[in-house]
Amino acid sequence: MLRLFIFIHLILMCLPLQAREFVIGLNERDVYRFKNEQNKWAGIDIELINAIANKTPYTFKYIEMTWPRVLKSVERGEIDIALSTSVTEDREKYALFSNEPFRYSLHMLFVRKSKLKSFKSVSKLSDLINAPVTIGALRGAIYSDAYQHLLNNDAFKSRIAFIDNDKRMPNFVLKGRVDGYIESEIEGKAYLTKNPAFEKEIVPFIYLNKEDNISGKLMFSKKTVSQDTVDIFDVALKEIHESGEYQAIMSKY
């Protein structure tokens, strides 16, 4: 692998890379990717992809869509890239993935305060099988290896209400449609602090992957992106993480 990075570095230094615009599908999420007051895309993921742009001749065009549509559009070659995704066997059939991490994530279970007694026996995901609760989860999301495995369990799956837009999950709790939901720690806590009604009714409960520190990868459509191009993205990602630029971006949020 070291030889590969050295080889690609030499290419980057010695040969001009062809400029190209990549189309990225974005599902809007607080903190990670959102429209600012100027109606421009902003957030952690946008800063990270801009850091990649600064190290390559590539530019990026953003198209807003739901997460399930992002996955389907990568498969069809309608978009080139999806940000911070998990690697699965099904996705590997139609997508390439960066070897280097794009962003690390911790996910939590957030629950309604009035329903805490129903979660008293829950200390890990599998405990939800026997808990009298319904949990909201983003359709198509892979929060952890344990979560992906448990989706094959009918009893666990019956506890999950799949939602296409994760920004709606706190409202689903307040409306009584779910008793809790799965969300990233950073984004989930941001939802609560920005909305007094949410903060009054919802609390962070347990981590799903505290020990794993799951890394999201860049996902590329096999129909439009070559492995050579993915390798170039990997060089940029490696530089961002090793230089401290990644941590500098994360510390802003």
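Whatever comes next refers back to the structure up there.
Below or above, wherever it landed, is the structure these notes cover. (Residues numbered from 1 in each chain as written. Predicted model: local features only at pLDDT ≥ 70, side-chain atom pairs only at ≥ 80, totals over all residues. Heavy atoms only, no water.)

Some remarks on the layout of surface pockets
Then comes step 1: Of the volumes computed, that of the largest pocket is approximately 410 Å³.
Then comes step 2: Lining the largest pocket are 15 residues, and of these D90, R91, G140, I142 and L151 lie nearest its centre.
Then comes step 3: Elements supplying a minimum of two residues to the lining of the largest pocket: α4 (89-92) and α5 (145-150). (1 Å grid on protein atoms, 1.4 Å probe; cavity = no way out; pocket = protein on both sides within 12 Å on 5 of 7 lines; lining within 4 Å. Points joined across faces, edges and corners; volume = space filled by probe spheres on them. Helix = DSSP H or I, 4+ residues; strand = E, 2+ residues; numbered from the N terminus.)

Some points on empty space enclosed by the protein
Then comes step 1: A full pass over the atoms with the stated rule returns 1 cavity of 30 Å³ or more.
Then comes step 2: Sorting the residues of the lining of the largest cavity by element identifies β5 (81-85), β7 (103-105), β11 (180-184) and β13 (214-221) as the ones contributing at least two each.
Then comes step 3: Looking at the lining of the largest cavity residue by residue, the class counts come to 9 nonpolar, 10 polar and 6 charged. (Nonpolar A, V, L, I, M, F, W, Y, C, P; charged D, E, K, R; others polar.)

Some thoughts on the pairing of β13
Then comes step 1: Across the 8 residues that make up β13, a large majority, 7, are buried.
Then comes step 2: As defined by bridge partners, β5 adjoins β13 across 3 bridges and the pair is classed as antiparallel. In the sheet register, A82 faces β13, and the bridge partner there is M219.
Then comes step 3: Of the strand pairs in this sheet, strand β6 (residues 95-97) and β13 are connected by 3 bridges, and their pairing is antiparallel. Paired with F97 across the two strands is M219, which belongs to β13.
Then comes step 4: Note that β7 and β13 share 3 bridges and pair antiparallel. Following the sheet pairing, Y104 is matched in β13 by S215. (Buried < 20%, exposed > 50% of the residue type's maximum accessible area, 1.4 Å probe, protein only. Pairing = 2+ DSSP bridges.)

A short note on the sheet that holds strand β8 (residues 107-112)
Then comes step 1: Pairing within the open sheet is mixed, and its 5 strands lie in the order β10-β9-β11-β8-β12. Unpaired on one side and paired on the other, β10 (160-163) and β12 (202-207) mark the two borders of the sheet. Pairs of neighbouring strands in the sheet enclose a mean axial angle of 35°, with direction left out of account.
Then comes step 2: Looking at chain direction, β8 and β12 are connected through 5 bridges and run antiparallel. For L109, the partnering residue across the bridge sits in β12 and is I206. (Axes fitted to C-alpha atoms, helices over the stretch in contact; angles between N-to-C directions.)

Examining unusual backbone geometry
Glycine aside, the phi torsion of most residues is negative, and most peptide linkages are trans.
Then comes step 1: The backbone of N39 shows a phi angle near 60°, a positive value even though the residue is not glycine.
Then comes step 2: Within the secondary structure, N39 is located in the loop between β2 (34-35) and β3 (41-42).
Then comes step 3: Of the residues examined, N39 reaches a relative accessible area of 54% and is grouped as exposed.
Then comes step 4: The phi torsion at S84 lies on the positive side, around 50°, for a residue other than glycine.
Then comes step 5: Its location among the elements puts S84 in strand β5.

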